[in-house]
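Notes for the structure review
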Amino acid sequence: MLSKNKQIITWIIFLLIYPTIFVISSLSFPVSFLTEFSFYLYIILGMVVSFFPINIRGTTIFMISAVAMAMFMSYGIFAEMILSSISILVVMIKIGITKQDLFRVPINLLIFQIVSITSGLFYFAIDPFVPTAFNLRFNLLSLTLYLLFSLFMNRILIYMLEKFWYKIPRTKLFDFELSFSILSIFYATPIAVMLNYLRDNYTFAGILIASLPLVTLSIVFKFYFISKSQNNLLLRINRLAMELTGEYSQQQIIEKYLKSWSEIFSAQTISYYETTKDLQLVKLYEYQKATNSLELIEPTYLLCPSVIEESWLSNKVVCYNSSKEWKLDFEMNYTVESVLVLPLRRGKKIVGFIMMTDSKRNAYKNTDLLPLMTVLHNYFNIALENAYNFEKLQVNSHTDHLTGLTNLRAFESELNQFHTEHVNERFSIIIIDLDHFKNVNDTYGHQAGNELLKQVSILLSTFVYQEERLARYGGEEFIFFLPRKTTSETLALAEEIRGKIEETEFNTHNYLSNRELVQVNMTASIGIASYPDECESIKDLITLADRAMYIGSKQKGRNRVASLYEGESKNLKSNI
């Protein structure tokens, strides 16, 4: 996509150069052919052939070479220029060029005009020196060289345009398009000679007869490449589907899907939305093809675009191919013509949407492509749901179901991982046990005890920062992991926690008597241990903190903080 300034410059250059070359050519070359009926038959034939453009790996080509060569053989350079200009306009109309891409019209007209003139002059320059073969009115070898020159000149101009004007990275001079065009010489030259010969001998009837194999060949090639393109799409879809189903992270699946989509199908912008429990819409990702960038967006509630609302209400794919068909009620930095909305489902419930937009009209009109898009999207849905279930299972296996805190198994795994990555770092453990918690369960019921455990876990979570971890140790016990803390810092934090628990009035209900609201005051016995100050192995750390809590706190009256450095607990280090 060219910038606005470059588009304006393109039009100015075109308006200055194109009419000038056209007028000079009309004065320099004979124009008597304008009264020839065969000339207009060539024009019609060129338009018919141009009506079957072929898309090869994203590049549009059309099989005009044979007609252009026949026109050149019959009427010269200027006639061939007229044919090429009309044919390129037909192709542009056929592929549905948009307002944003109108600048491509003058660029292509100029390229074809330059190629026509230079190729014609090249033919006249070499023809006297090229040996003849066969008894024909035209030198067959000269015509072949003429066609080769025009193909290479066209490719060189396009290469320079892409590299220096469009600034497309990794532009190639020799590509599949050029290879296919060179192979076209083997049909273009014979058909051009046949067209010219039949025209000379049978006038317009001869042109009609010769046009049949050319038009047939154009149609066959078009459908062949459509079939080949669809097979390639199926292979790429299958490959991507296997990659998606092999992932177990929702984020990685979403990122891979959004980036890969525009490489397979047409989309300038791809947006990923999720629905919330209260049926609000949140936009989380946006992929821009122009910059090949995927942006993770800060979740914000949005007004639901009308096209997404339509998909939401109908529970179906929504597709529009022209801005006249739908209402644009969301911001884009370009004029959106085509839009495709695909709902995301988890079971029978819609949980989000993928919205593709493109500035080209009819980007999703191809009836053969839409089923392929749906197939790929179904794979994405399956992969995303599998990853969701896997992540949910992972969370459940590492999370205490009551408090939502990390469970002991996950806590020990994180502790070991930290020690493996930071062998020489000090760290501490705090174990907290709620005093006389059995009395709470006996007095108010176990449900009240559960409510209090949830409240305590929320209170303790306010003391967790950065790399620190909090987990439920079991029953009414909790455990802290504190990296890079000295024993004195750990003691200070433990004392602060103990004081906060003691001063807090917790609310619950008496489930054993009319569910009345009651206030409960609790205290906690706390033990701490530090590595490497108090032990030589992290395997002993939790055990030391646990014994410090029981021996140093529970057995000495509860509601206090204890470590192995207090009293007789120092001797425990050598006994463990």
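Residues numbered from 1 in each chain as written. Predicted model: local features only at pLDDT ≥ 70, side-chain atom pairs only at ≥ 80, totals over all residues. Heavy atoms only, no water.

Side note on the side chain of S271
The residue S271 is located in strand 3 (residues 269-275) in this model. Owing to a relative accessible area of 1%, S271 belongs among the buried residues under this scheme. In this structure, S271 is in contact with K283, Y285, E286, F353, I354 and M355, ignoring residues within four places of it in sequence. (Helix = DSSP H or I, 4+ residues; strand = E, 2+ residues; numbered from the N terminus. Buried < 20%, exposed > 50% of the residue type's maximum accessible area, 1.4 Å probe, protein only. Contact = heavy atoms within 4.5 Å.)

Notes on the packing of helix 8 (residues 185-245) against helix 11 (residues 369-398)
At a minimum axis separation of 9 Å, helix 8 and helix 11 run at an interaxial angle of 10°. The angle between the axes of helix 8 and helix 11 places the two elements in the roughly parallel class. Counting all contacts with helix 8, which are made through L233, L234, I237, L240, A241, L244 and T245, the residues of helix 11 involved are L369, L372, V375, L376, Y379, F380 and A383. Taken together, the residues of the contact of helix 8 with helix 11 break down into 13 nonpolar, one polar and no charged. (Axes fitted to C-alpha atoms, helices over the stretch in contact; angles between N-to-C directions. Parallel < 35°, antiparallel > 145°, perpendicular 65-115°, else oblique. Nonpolar A, V, L, I, M, F, W, Y, C, P; charged D, E, K, R; others polar.)

Points about the confidence of the model for the protein
With 96% of its residues at a pLDDT of 70 or more, the protein has an overall mean of 86. Within the model, pLDDT remains below 50 along residues 567-576, and this stretch shows 13 contacts once partners closer than five positions in the same chain are excluded. (pLDDT = per-residue confidence, 0-100.)

Observations regarding the nonpolar core
Counting 57 residues, the largest nonpolar core has F39, Y42, V67, M71, L195 and L214 as the members making the most contacts within it. Put simply, the parts of the chain that give this core at least two residues each are helix 1 (4-28), helix 2 (37-50), helix 3 (65-75), helix 4 (77-94), helix 5 (104-126), helix 6 (140-165) and helix 8. Looking at which element gives the most residues to this core, the answer is helix 8, with 13 residues. For L214, the residues in contact, after removing those within four places along its chain, are L45, V49, M63, A66, V67, Y187 and I191. Core analysis: the next-biggest nonpolar cluster, separate from the first, contains 34 residues, I253, L344, I354 and A363 among them. (Core = buried A, V, L, I, M, F, W, Y, C linked by side-chain atoms within 4.5 Å.)

A look at a nonpolar patch on the surface
Residues I8, I9, I12, I13, L16 and I17 make up a contiguous nonpolar surface patch of about 530 Å² in total accessible area. Following the sequence through the fold, L16 ends up in helix 1. Under the relative-accessibility criterion, L16 is labelled exposed at 59%. (Patch = residues over 30% accessible without salt bridge, like charges linked within 9 Å, V, L, I, M, F, W, Y side chains within 5 Å. Areas by Shrake-Rupley, 256 points an atom, 1.4 Å probe, with all protein chains shown as cover. Salt bridge = Lys/Arg side-chain N within 4 Å of Asp/Glu carboxyl O.)

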